[in-house]
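Spelled out, the chains give:
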Amino acid sequence: MEFNTALLHKGFNGEKVFGSTLTPIYQVSAFSHSSAEQLEKVFNNRAPGYAYSRIGNPTVTSFENRIASIENGVGAVACSSGMAAVTMALLNILESGDEVIASTGLFGGTIDLFGDLEPFGIVTRYVNKVTAEEIEPLINEKTKAVFAELIGNPGLEIADLDAVSELVHSHGVPLIIDSTTATPYLIQPFEHGADIVVHSSSKYINGGGNSISGIIVDSGNFEWNTERYKGLAEYKKFGRLAYVAKLRNGIWRNIGCCLAPFNAFMNSVGLETLGLRMERLCYNALELAKFFETQDGIEVNYPALEASPYYSLCQKLLKGKGGAILTIRAGSKERAFKLINNLKYATNATNIGDTRTLVIHPSSTIYAHGTEEQKRNAGVFDDTIRISVGIEDIEDLKSDFKQAVDSINVNESEE
Ligand SMILES: *Cc1c(COP(=O)(O)O)cnc(C)c1O
């Protein structure tokens, strides 16, 4: 099955009762059962079925199954947000005293999260580039996970997955990849050795900017050494599903960061057009990036440009497509603000993966909590603008950015 067909048919074959073409929204908190005996079985995982929507809901299951099959994983667990997915993916295997290795180029919220985990005794060590060379010296017996974004948001550095996964596996450590910005359209990270994948499905999977959500997918391939990952010992009996079984029966259900059925439904609808949207978004992003290369006073960063240091990894891992985010540097914060304010179509908002083009000044918003060093490492400068490219017609986007760039250049030559 090719990708666009799989988005419609894989892991989903309609709803059984009335033949509805999408799994309906089961907008309920609880599910009744014919007898106390039956509910006892459902509660104790001895019979299939649902008891309570924090633990499971058919609309959510349908979304989870579709994502698991698209990523070629053994199972998926949906969460109330991308941040909840990142948090749960880590806390499922971490204990006080453990260490995580992560890249400095991470999404700002994830960097903040690692800070929040410190008082719980979980220490994060950072690398500037997600390469085997940088990671190896930081691995020790306390290292329990390596965490990276496939395409860093907003730095747009690409993780060298094959080399990194080989290295971390040789130390018995799993590789957890946030693949939000790459999406399953550009890459299946499990084919390159990632063990766990998380998505903020609020972004490209939903695609319309209408629901916050996240999802964790397990490849089922990692060999959990239960001496090292003691919490997984009692789940070993689930075989390749051990990690997912632990999540579902442990911290994920008890923290209660379940996905709402309505949002799961919106994501399943969005997922079906992921391939079409990404094709268009990657085309628009490359066209726009090439356009910025011709503009005075603007520096552009996009991994599919030949000038990018990540060009060859982009060819190797992402079929030469660079995703739908690019960043530009306008020369100063003042110029960046003016440029944003002069845009007509591109909307000033903190999101990515919407149908419409969104722009933001990261340094004063999503990275406002970061130290100067954190900002620099994440490619966030005072004059950086992040552009989340939408599906608008490219000529309209180019002319919108052209008039905004001209307006700041003209102002300057007058001053
Ligand atoms: C947005 C984002 C998150 C957080 O997701 P939410 O759904 O906003 O909680 C995590 N990682 C990346 C790469 C993101 O872009």
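For clarity, every value in this text was computed on a predicted model and none was experimentally measured.

Conventions used here
- Residues numbered from 1 in each chain as written.
- Predicted model: local features only at pLDDT ≥ 70, side-chain atom pairs only at ≥ 80, totals over all residues.
- Heavy atoms only, no water.
- Helix = DSSP H or I, 4+ residues; strand = E, 2+ residues; numbered from the N terminus.
- Rg over C-alpha atoms; globule rule 2.2 N^0.38 Å.
- Buried < 20%, exposed > 50% of the residue type's maximum accessible area, 1.4 Å probe, protein only.
- Contact = heavy atoms within 4.5 Å.
- Areas by Shrake-Rupley, 256 points an atom, 1.4 Å probe, with all protein chains shown as cover.
- Arc of directions from axis to C-beta.
- Phe/Tyr/Trp six-rings, centres within 6.5 Å; stacked < 30°, edge-to-face > 60°.
- Lys NZ or Arg CZ within 6 Å of the ring centre and 35° of its normal.
- Near = heavy atom within 4 Å.
- Polar contact = N/O pair within 3.5 Å; in protein donor to acceptor, adjacent residues only side chain to side chain.
- Nonpolar A, V, L, I, M, F, W, Y, C, P; charged D, E, K, R; others polar.
- Salt bridge = Lys/Arg side-chain N within 4 Å of Asp/Glu carboxyl O.
- Domains from an automatic or database assignment.
- Buried area = accessible area lost by both parts, 1.4 Å probe.
- 1 Å grid on protein atoms, 1.4 Å probe; cavity = no way out; pocket = protein on both sides within 12 Å on 5 of 7 lines; lining within 4 Å.
- Points joined across faces, edges and corners; volume = space filled by probe spheres on them.
- Pairing = 2+ DSSP bridges.
- Axes fitted to C-alpha atoms, helices over the stretch in contact; angles between N-to-C directions.

So, on to the overall build of the protein. Counting secondary structure elements, the protein contains 16 helices and 12 strands. Against the 2.2 N^0.38 benchmark of 22 Å for 415 residues, the protein shows a C-alpha radius of gyration of 22 Å, consistent with a compact globule. Along the longest, intermediate and shortest principal axes, the C-alpha atoms of the protein span 80 × 55 × 35 Å. Looking at the protein as a whole, 54% of its 415 residues qualify as buried. For the protein, restricting intrachain contacts to residue pairs at least 6 apart in sequence, the fraction spanning at least 24 positions comes to 72%. Carbon together with sulfur atoms contributes 51% to the accessible area of the protein, which is approximately 17,500 Å² in total.

Along helix H13 (residues 311–318), the residues classified as buried are Leu313, Cys314, Leu317 and Leu318. Along the long axis of H13, the arc covered by the buried residues comes to 105 degrees, so they all point the same way. For H13, exposure combined with an orientation more than 90 degrees from the buried face picks out Ser312 and Lys316. Where H13 is buried, its residues contact helix H7 (161–170) and helix H8 (183–186). Directly beyond the C-terminal end of H13, a positive phi value near 55 degrees is found at Lys319.

For the rest of this paragraph, the subject is the packing of aromatic side chains. Tallied over the full model, the rule gives 11 aromatic pairs. Members of the aromatic cluster, connected to one another through ring pairs, are Phe222, Trp224, Tyr229 and Tyr243. Of note, Lys144 hangs over the ring of Tyr229, and the distance from its end group to the ring centre comes to 5.8 Å. The ring of Phe107 has Lys203 sitting right over it, with the charged end atom 5.1 Å from the ring centre.

Near the ligand, the surroundings consist of 13 residues, among which Met83, Asp178, Ser200, Ser202 and Lys203 are the closest. Here an oxygen atom of the ligand sits 2.8 Å away from a polar atom, N or O, in the main chain of Gly82. At 2.8 Å from an oxygen atom of the ligand is found a side-chain nitrogen or oxygen belonging to Lys203. Compared with its free state, where it exposes 380 Å², the ligand has 91% of that area covered by protein. Split into classes, the residues belonging to the shell around the ligand amount to 3 nonpolar, 7 polar and 3 charged.

This model, assessed by the stated rule, comprises 12 salt bridges. A salt bridge links Lys316 to Asp160, with the shortest nitrogen-to-oxygen separation between them at 3.9 Å. One end of the pair, Lys316, is in helix H13; the other, Asp160, is in the loop between strand E4 (143–149) and H7, and 156 residues separate them in sequence. According to the relative accessible area criterion, Lys316 is exposed, its value standing at 51%.

Let's shift gears to the domain arrangement of the protein. According to the domain assignment, the protein contains domain 1 (3–271) and domain 2 (275–414). Distance from the C-alpha centre of domain 1 to the C-alpha centre of domain 2: 29 Å. Contact residues are listed per partner, giving 41 residues for domain 1 and 37 residues for domain 2. Between domain 1 and domain 2, roughly 3,100 Å² of surface is buried when both sides are summed, and carbon and sulfur atoms account for 59% of that area. Linking domain 1 with domain 2 are 2 salt bridges.

The next point concerns the layout of surface pockets. In this structure, the largest pocket occupies an estimated 790 Å³ of space. For the largest pocket, the lining is made up of 31 residues, of which Asn45, Gly49, Ile55, Gly56 and Arg248 are closest to its centre. Going through the elements one at a time, helix H2 (36–43), helix H3 (58–70), strand E1 (75–79), helix H9 (242–249) and helix H10 (251–255) are the ones with two or more residues in the lining of the largest pocket. Tallying contributions element by element places H3 first for the lining of the largest pocket, with 5 residues. Of the residues in the lining of the largest pocket, the class split is 19 nonpolar, 9 polar and 3 charged. What lines the second largest pocket is a set of 26 residues, among which Gly155, Asn301, Pro309, Gly379 and Phe381 lie closest to the centre. Listed by contribution, the elements that provide at least two residues to the lining of the second largest pocket are strand E8 (299–301), strand E9 (325–329) and helix H15 (372–377). A domain split of the lining of the second largest pocket shows at least three residues from each of domain 1 (3–271) and domain 2 (275–414).

Moving on, we come to empty space enclosed by the protein. What the rule picks out here adds up to 1 cavity of 30 Å³ or more. The computed volume of the largest cavity comes to approximately 40 Å³. Considering the residues around the largest cavity, the lining is formed by Gly108, Ile111, Asp112, Ile366, Tyr367, His369, Gly370 and Gln374. No other element matches helix H5 (residues 108–117), which puts 3 residues into the lining of the largest cavity. By residue class, the composition of the lining of the largest cavity is 3 nonpolar, 4 polar and 1 charged. Per-domain counts for the lining of the largest cavity show at least three residues from each of domain 1 (3–271) and domain 2 (275–414).

Pairing between the strands of a sheet is mediated by backbone hydrogen bonds and can be parallel or antiparallel. Pairing is mixed across the open sheet formed by 5 strands, whose spatial order is E8-E9-E12-E11-E10. Two strands lie at the open edges of the sheet, namely E8 and strand E10 (347–348), each paired on one side alone. Pairing of E9 with strand E12 (residues 384–388) involves 5 bridges; the strand directions are antiparallel. Bridge assignment links Ile325 to a residue of E12, and that residue is Ser388. Of the strands in this sheet, E8, E9 and E12 are in contact with helix H12 (residues 274–293), which crosses E9 at around 15 degrees. Against the sheet, helix H14 (residues 333–342) makes contact with E9, E10, strand E11 (358–360) and E12, and its axis sits at roughly 30 degrees relative to E12, the strand it touches most.

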